[in-house]
Amino acid sequence: MIWCRNSPARLVAGARMFSATRRAAAAGSAVRAAVILQRDPIVTQQSKGFEVAADGYFAWLEYMSAEKFPREFFFKKGSSAEKKWVELEGTRAAEWHFDPASRSAAKAPKAPKSPAAKEGAGEAADAGAEGAAASGGEQPIEVQPRETQADAAGDVRSLERRLDRTLYLVVKDGSGQWCFPHGDVGGEELLHEAARRGLREACGGTMSVWTVGRGPVGHHRAGAHTTFFVKAHILGGQAQAAEPRASDFQWITREEMESVLPAEYWASVKDVVSS
């Protein structure tokens, strides 16, 4: 009964709101739709402090609780292969920080090798590498540095920077302020359609973009304008600033965004962007 009694008023209020929104959209100046376009992290973040200690502790627990390796089954007692395995296992156990029995072994200094021994070891290593390459064996994994050339050069337009962080695309509009790419909503256009169109007009059509949803995740009011934000992810391509909608662009982190965007604009979007 309550719903039936209030439904006419709700319908009238909804119709008024809808018509007002359409009139504002038709004006092309009151409602805007912007894209919060992000590039997800490419590599995992490095653990620090307590995370490093916790990872080491749980790894040691897993190592200690694992089943004992049956070396008697694989190695002949007293053989050179068994001695080599025991040596390698002792070196591995000495790496665990939480193993009290291995702390003295980890801190024990190694005896220096003679020049002849070093030369022989180097020749053996070179011969082993050549043999593995000739026989088509597996090559050792080469770990690449986390800091890229874009990080070293401070190139904020590159997608190859800050690989362990989420980056967001911001553009410099015609007024000279930094903001998210946006477009005016007009006619029968939906918010996510206007946002994608504004992105193409400001940054070209060379990017492959996936829009998360049709509904906005936030809004910003400035004078007579209300900008609704739609989230999206970049799948490929790169932005290209297109005059006069955008004169420049940057791929920046959340912390960098706080110092780039205007204060009121940042206050409206800080809760919908992550680090």
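The following refers to the structure shown. Since we're looking at a predicted model, the values are computed, not measured.

Quick word on the pairing of strand β2 (residues 167–172)
Among the six residues of β2, five are classified as buried, and the element is accordingly described as predominantly covered. Two elements, β2 and strand β8 (residues 248–252), share five bridges in a ladder whose sense is antiparallel. The partner of V171 across the bridge, within β8, is F249. The pairing of β2 with strand β3 (residues 178–179) spans two bridges and is antiparallel. Within β3, the residue paired with V171 across the bridge is C179. What sits between the antiparallel neighbours β2 and β3 is a turn of five residues, in which G176 has the positive phi angle 90°.

A short note on the layout of surface pockets
Taken as a whole, the second largest pocket encloses approximately 240 Å³ of empty space. Forming the walls of the second largest pocket are 13 residues, and the residues nearest its centre are R32, Q177, H220, A222 and Y265. Contributing elements (two or more residues each) for the lining of the second largest pocket: β6 (218–222), β7 (225–236) and α10 (263–269). It is β6 that contributes the most residues to the lining of the second largest pocket, three residues altogether. Residue composition of the lining of the second largest pocket, grouped by class: four nonpolar, five polar and four charged.

Regarding unusual backbone geometry
Where the residue is not glycine, phi is negative for most of them; where a peptide bond is considered, it is trans in most cases. Going from E243 to P244, the amide bond is cis rather than trans, its omega being 0°. Of note, the phi angle at R162 is positive, near 45°, even though the residue is not glycine. Within the secondary structure, R162 is located in the loop between α7 (149–153) and β2.

Side note on the state of the cysteines
Following the criterion strictly, the structure yields zero disulfides and no others. Residue C179 stays outside any disulfide, its sulfur separated by 9.7 Å from that of C203, the closest cysteine. Judged by its relative accessible area of 5%, C179 falls in the buried class. With a relative accessible area of 0%, C203 lands in the buried category.

Rules used throughout
Residues numbered from 1 in each chain as written. Predicted model: local features only at pLDDT ≥ 70, side-chain atom pairs only at ≥ 80, totals over all residues. Heavy atoms only, no water. Buried < 20%, exposed > 50% of the residue type's maximum accessible area, 1.4 Å probe, protein only. Helix = DSSP H or I, 4+ residues; strand = E, 2+ residues; numbered from the N terminus. Pairing = 2+ DSSP bridges. 1 Å grid on protein atoms, 1.4 Å probe; cavity = no way out; pocket = protein on both sides within 12 Å on 5 of 7 lines; lining within 4 Å. Points joined across faces, edges and corners; volume = space filled by probe spheres on them. Nonpolar A, V, L, I, M, F, W, Y, C, P; charged D, E, K, R; others polar. Disulfide = S-S within 2.5 Å.

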